[in-house]
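Letter by letter, the chains look like this.
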Amino acid sequence: MTYEEILAKARAVMGPNCRVCPVCDGRACRGEIPGLGGIGSGSSFTVCRPFFDSVKVMMDVVYEPGKLDTSIELFGQTWPFPFFLAPLGGMGLNYNSYLTEDEWSRMSVGGMAKCGSLAFTPDGALDKFFDLSIRSIRENGGRGIPTVKPWKTEKLLERLRAAEEAGVTAFACDVDSCNHPNMRRLGALQVLSPSAMAGLIRSTTLPFIAKGVMTASAALRCADAGCYGIVVSTHGGRVIEDAPAPAAMLPEIRAAVGERMKIFVDGGIRSGLDVFKCLALGADAVLIGRPYVVAGCGGGEEGVVLYTNKILAELREVMLMTGCVTLADVTPEKIRLAN
Ligand SMILES: Cc1cc2nc3c(=O)[nH]c(=O)nc-3n(C[C@H](O)[C@H](O)[C@H](O)COP(=O)(O)O)c2cc1C
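Not measured: the values here are computed from a predicted model.

What counts and what doesn't
Residues numbered from 1 in each chain as written. Predicted model: local features only at pLDDT ≥ 70, side-chain atom pairs only at ≥ 80, totals over all residues. Heavy atoms only, no water. Helix = DSSP H or I, 4+ residues; strand = E, 2+ residues; numbered from the N terminus. Polar contact = N/O pair within 3.5 Å; in protein donor to acceptor, adjacent residues only side chain to side chain. Contact = heavy atoms within 4.5 Å. Near = heavy atom within 4 Å. Areas by Shrake-Rupley, 256 points an atom, 1.4 Å probe, with all protein chains shown as cover. Core = buried A, V, L, I, M, F, W, Y, C linked by side-chain atoms within 4.5 Å. Buried < 20%, exposed > 50% of the residue type's maximum accessible area, 1.4 Å probe, protein only. Axes fitted to C-alpha atoms, helices over the stretch in contact; angles between N-to-C directions. Parallel < 35°, antiparallel > 145°, perpendicular 65-115°, else oblique. Left-handed = near helix turned anticlockwise from the far one by under 90°. Phe/Tyr/Trp six-rings, centres within 6.5 Å; stacked < 30°, edge-to-face > 60°. Salt bridge = Lys/Arg side-chain N within 4 Å of Asp/Glu carboxyl O. Disulfide = S-S within 2.5 Å.

Once that is clear, we can look at the side chain of Lys149. Looking at the element boundaries, Lys149 is found in the loop between strand E6 (145-148) and helix H6 (153-166). At 2.6 Å, the side chain of Lys149 and the side chain of Asp174 are in polar contact. With near-sequence residues (within four places) excluded, Lys149 lies in contact with Asp123, Gly124, Leu156, Cys173, Asp174, Ser177, Met183, Leu189 and His235.

The environment of the ligand is made up of 24 residues, and the closest members are Pro87, Asp266, Gly268, Gly289 and Arg290. In this structure, His235 approaches the ligand through a side-chain N or O atom, which is 3.2 Å from a nitrogen atom. At 2.8 Å from an oxygen atom of the ligand is found a main-chain nitrogen or oxygen belonging to Gly289. Relative to its unbound accessible surface of 610 Å², the ligand loses 98% to contact with the protein.

Looking now at the nonpolar core. Residues Met14, Trp104, Met197 and Ile230 are the most contacted members of the largest nonpolar core, which totals 115 residues. With 13 residues, helix H11 (residues 290-321) is the largest single contributor of residues to this core. Setting aside residues no more than four positions away along its own chain, Trp104 makes contact with Leu85, Leu88, Met91, Leu99, Tyr292, Val293, Gly296 and Val304.

In this fold, Glu302 is placed in helix H11. For Glu302, a relative accessible area of 49% gives the class partly exposed. As for Glu302 and Val55, which are separated by 247 residues in sequence, their C-alpha atoms are 32 Å apart.

Our focus in this paragraph is the packing of helix H8 (residues 216-225) against helix H9 (residues 250-257). In the contact formed by H8 and H9, the axes pass within 9 Å of each other and the chain directions differ by 40°. As summarised for this structure, H8 and H9 are arranged oblique, according to the angle between their axes. Classified by chirality, the crossing of H9 by H8 is right-handed. Note on element contacts: H9 touches H8 through Glu252, Ile253, Ala256 and Val257, opposite Ala216, Ala219 and Leu220.

Now for the packing of aromatic side chains. Inspection of every chain in the model, using the stated rule, returns 12 aromatic pairs. Between the aromatic rings of Tyr292 and Tyr307, the centroid separation amounts to 4.9 Å while the plane-to-plane angle is 80°, which identifies the pairing as edge-to-face. The pair formed by Tyr292 and Tyr307 is uniform in burial state, with each residue classed as buried. These aromatic residues form a ring-pair network of at least three members: Phe75, Trp79, Phe84, Phe120, Tyr228 and Phe264.

Bringing the pattern of salt bridges into the picture now. The final tally for this structure, using the stated rule, is 20 salt bridges. Among the ionic pairs, Glu139 bridges to Arg135, the shortest N-O distance being 3.8 Å. One end of the pair, Glu139, and the other, Arg135, are both in helix H5 (residues 127-139), four residues apart, so they sit about a helical turn from each other. In this structure, the salt-bridge partner of Lys211 is Asp266, at a minimum N-O distance of 4.0 Å. Of the two residues, Lys211 sits in strand E8 (residues 208-213) while Asp266 sits in the loop between strand E10 (262-265) and helix H10 (272-281), which places them 55 residues apart along the sequence. As far as the burial class goes, Lys211 and Asp266 line up, both buried. When salt bridges with common partners are traced through the structure, they connect Asp102, Arg106, Arg135 and Glu139 into a single cluster.

Okay, H10 next. The element H10 is extensively covered by neighbouring structure, given that nine of its 10 residues are classed as buried. Inspection of H10 places Gly272, Asp274, Val275, Phe276, Lys277, Cys278, Leu279, Ala280 and Leu281 among the buried residues, and these make up the whole buried set. Of the residues trailing H10, Gly282 is marked for its positive phi of about 130°.

One way to say it: the disulfide is the covalent bond shared by the sulfur atoms of two cysteines. The full count for this structure, using the stated rule, is zero disulfides. Not part of a disulfide, Cys24 finds its nearest cysteine sulfur in Cys29, a span of 6.5 Å.

Quick look at the structure:
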């Protein structure tokens, strides 16, 4: 199977919700929620590609070559590369039901585990989203990070206990779902206060990640609450209009938190080159979302694996051409911001 074959199959089965555009940039699906777009004008999604295009990489091929190493230490373990699959739910509501939630859960968590990596998994209005996530993570020896909605605290604690019992790698909460258009009518979600967050973190030994942090001050509040890490993210532009590209916030957030927390980022990351740019901007690792569903619809679990290897090969190529032997070499000097 080739990536072109995956795209051709995906194009045949993913319409009308996902058009499988040459670059997944949020323009064709603007405003489509349910669907794959950003909210309203879609600007918080469409802003991502122009931002990445404005970050230029600095070639350096005069260096002592070594064995190129893309591995990274996170959660007390070594991972083969610094990118993970983002939580994506709603194969029926947002996509066109070509995949069931169950099939996507198995192929996403299973495919990433086959690569020695992991998936962040979704949660949603129906309990089955979370239950399938936990089932798939359990089947893969605990490899996976359940990402739960900011439910009222009692339900959050229930989810946290279930995650602990399944032996998951870490526990995440997409705090930016507090007003998610697909779920706000339930009235079951909260804005997670720093003290509620600290209470959750005190109650577990699992590393805790807050997903949906866009400012240095919010990042500092997460650090003070005891977070292991944050995901700099706007939920793919689905929860707020006219936000900047999350990756654009990385230098500011890294400068504020230093090494107190791990910093992940997502939003419009579409290649190994983009992964490289995010690391140089200050991220420890990144999450990739929508293109993975395309890979899954076009190629099943094998598609997930093939897409992962494609991103990894691209990352290795740009490291080789910029004098980076390990991820520690991917520093701000490796990029320039064009106007
Ligand atoms: C259809 C769809 C479903 C999503 N479901 C979730 C979810 O359940 N939990 C969550 O934290 N993020 C969810 N997200 C947000 C993604 O995890 C990610 O933040 C976003 O898609 C940005 O990455 P991308 O541009 O690579 O897709 C969803 C996004 C989409 C498009």
